[in-house]
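# Understanding the architecture of this molecule
Listed here are the chains, written in short residue letters.
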Amino acid sequence: MKVFVTGHRGFIGVHLVELLKQAGHQVTGCDLRLFEGCEWEPMPICDRELVKDVRELALEDVDGHDCVMHLAAISNDPMGDLDPDITFGINRDASIKLAQLAKQAGVGRYLFSGSCSVYGAGEKLDLAEDDTLNPLTAYAKSKIETETAVSELADAGFTPVYLRNATAYGHSPMLRIDLVVNNLLACALATGEIRIMSDGTPWRPLVHCRDIARAFIAFMNAPREKVSNMAINVGGNSENYRVRDVADQVKRLMPNASITFTGEVGADPRNYRVNFDLLGRVLPDFRLQYNLESGMDELHRKMVDHGFKLADFQGDRYVRLRTLRHRMNLLNQQAEQVS
Ligand SMILES: NC(=O)c1ccc[n+]([C@@H]2O[C@H](COP(=O)([O-])OP(=O)(O)OC[C@H]3O[C@@H](n4cnc5c(N)ncnc54)[C@H](O)[C@@H]3O)[C@@H](O)[C@H]2O)c1
């Protein structure tokens, strides 16, 4: 198949390109290269690459593809708050426009990289897709507003699917250490201390970044009638953890590391445990390949092999927010061109 992947140079996108190429698909990647120079390992190569802002995509860019996998975004809550207008412009408005272009071009399937953060401060545990949403940030709002708008476009010839991904972690050639698991592991390796900024009690659904990429491919291949216009949580019921459980896993790998609860964010309002039964029903053959233990073992091995050190932990390279602050001008210039 011919697949158009946005954000293909990101933490999840690089796994997706590799897996798509392995499966024999033809891949067009579109990415503004916001994190150019932050690569940890060599990146997989697309058949065609557009260095382009997704806000500027045109019909001819997506024409001729069978599926759009849309991952490009300002990709977490703190980054989304840097400039909410830019966040809504990229994460919501450009995502809706891309869906319209895809439909117009006759691209049959549109897979949107959404997030479990739309549940926000969960009113109850084990949140399912039809439970009340409580998006707390521009990032979370942008994701849910996209789902709502794109759903209007669904019909027999256009199949959108909204993957509500759990919080990602694990090894990627485009490493991030600003995600809870990777952060705690990186902190322990670099400083000998596991620093937890909450009181450690909040629940988080976790999923390996490569398993998210595998889910995208499974949704591309799934029968239309099973998935069309559905929002589906991507993760596993047994992969909900309290932050302090994650710290215990780090301690298993580094028994000498000390655990510190800084409590600086108090009781983190983003507390949610998520139910993943629907994923099992719509994709009965799909299984996660990682659990937290195996994913962490792999990342730990990689970090040790790379000689991950204090300067890596304290620097900008693996922390999206720090890099983005320097590159905000680029996004602002692009926004002016678009408007
Ligand atoms: N990482 C997670 O925990 C997680 C969880 C749930 C959902 N998601 C979603 O999955 C997607 C990918 O996440 P990630 O962790 O790989 O993020 P990432 O920040 O590593 O990658 C995002 C990529 O998108 C590109 N990009 C950003 N704005 C762009 C624009 N305007 N035009 C073109 N390219 C642009 C960046 O250059 C980058 O390569 C995002 O939509 C994110 O919201 C991520």
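Just above sits the structure.
Thresholds applied
- Residues numbered from 1 in each chain as written.
- Predicted model: local features only at pLDDT ≥ 70, side-chain atom pairs only at ≥ 80, totals over all residues.
- Heavy atoms only, no water.
- Helix = DSSP H or I, 4+ residues; strand = E, 2+ residues; numbered from the N terminus.
- Contact = heavy atoms within 4.5 Å.
- Buried < 20%, exposed > 50% of the residue type's maximum accessible area, 1.4 Å probe, protein only.
- Polar contact = N/O pair within 3.5 Å; in protein donor to acceptor, adjacent residues only side chain to side chain.
- Salt bridge = Lys/Arg side-chain N within 4 Å of Asp/Glu carboxyl O.
- Pairing = 2+ DSSP bridges.
- Axes fitted to C-alpha atoms, helices over the stretch in contact; angles between N-to-C directions.
- Core = buried A, V, L, I, M, F, W, Y, C linked by side-chain atoms within 4.5 Å.
- Expected span 1.5 Å × (residues − 1).

## Some thoughts on the environment of asparagine 165
Tracing the backbone shows asparagine 165 in strand S6 (residues 159-165). Sequence separation of asparagine 165 and asparagine 332 is 167 residues, and the distance between their C-alpha atoms is 28 Å. Filtering out sequence-adjacent residues up to four positions away, asparagine 165 remains in contact with Ser113, Gly114, Ser115, Cys116, Ile212 and Val234.

## Remarks on the side chain of glutamate 147
Along the chain, glutamate 147 turns up in helix H5 (residues 138-151). Taking relative accessible area as the criterion, glutamate 147 reaches 7% and is therefore assigned buried. The residues contacting glutamate 147, other than those within four sequence positions of it, are Tyr162, Arg164 and Ala231.

## Description of unusual backbone geometry
Positioned with a positive phi, arginine 33 is a non-glycine residue whose angle comes to about 60°. On the secondary structure map, arginine 33 appears in the loop between strand S2 (26-30) and strand S3 (48-50). Positive phi outside glycine occurs at aspartate 126, with the angle close to 55°. When you line up the elements, aspartate 126 lands in the loop between strand S5 (109-115) and H5. With relative accessibility at 31%, the residue aspartate 126 sits in the partly exposed group.

## A short note on the environment of tyrosine 169
Residue position: tyrosine 169 is located in strand S7 (residues 167-169). As for tyrosine 169 and phenylalanine 11, which are separated by 158 residues in sequence, their C-alpha atoms are 9.2 Å apart. In terms of polar contacts, tyrosine 169 uses its side chain to reach the backbone amide nitrogen of leucine 292, at 3.4 Å.

## Concerning the pattern of salt bridges
Under the counting rule described, the total for this entry stands at 20 salt bridges. The partner of lysine 52 in a salt bridge is aspartate 61, and the shortest N-O contact between them spans 2.7 Å. Classification of aspartate 61 by relative accessible area gives buried; the value is 7%. A salt bridge links arginine 273 to aspartate 126; its shortest N-O distance comes to 2.8 Å. Pair noted here: arginine 273 is in the loop between strand S12 (258-261) and helix H10 (277-282) and aspartate 126 is in the loop between S5 and H5, with a separation of 147 residues, a long-range link.

## Here's the deal with the sheet that holds S5
In spatial order, the strands read S3-S2-S1-S4-S5-S6-S10; together these seven strands make up an open sheet with parallel pairing. Looking at which strands have only one partner, the edges of the open sheet turn out to be S3 and strand S10 (230-234). When strand polarity is set aside, the average angle formed by the axes of neighbouring strands in this sheet is 20°. The pairing of S6 with S10 spans five bridges and is parallel. Pairing of tyrosine 162 across the sheet is with alanine 231, part of S10. Against the sheet, helix H4 (residues 84-105) makes contact with strand S1 (2-6), strand S4 (67-70) and S5, and its axis sits at roughly 165° relative to S5, the strand it touches most. In this fold helix H7 (residues 209-221) packs onto S1, S4, S5, S6 and S10, with an angle of close to 150° to the strand it touches most, S5.

## Concerning the nonpolar core
Among the nonpolar cores identified, the biggest contains 46 residues, and Leu16, Leu20, Met69, Leu111 and Phe219 are the most heavily contacted of them. With nine residues, the single largest contributor to this core is H7. The residues contacting leucine 20, other than those within four sequence positions of it, are Val3, Val5, His25, Val27, Met69, Ile217 and Met220. Counting 38 residues, the second-largest nonpolar core is a separate cluster that includes Ala102, Leu153, Tyr162 and Leu324.

## Concerning helix H11 (residues 292-306)
Given a rise of 1.5 Å per residue, 15 residues ought to cover 21 Å, and the 21 Å separating the end C-alpha atoms of H11 matches this to within 8%. Within H11, the full set of buried residues consists of Leu292, Gly295, Met296, Glu298, Leu299, His300 and Met303. Capping of H11 at its N-terminal end is provided by asparagine 291; its side-chain oxygen lies 3.1 Å from the backbone amide nitrogen of glutamate 293. Glycine 307 lies just past H11 and shows a positive phi near 65°.

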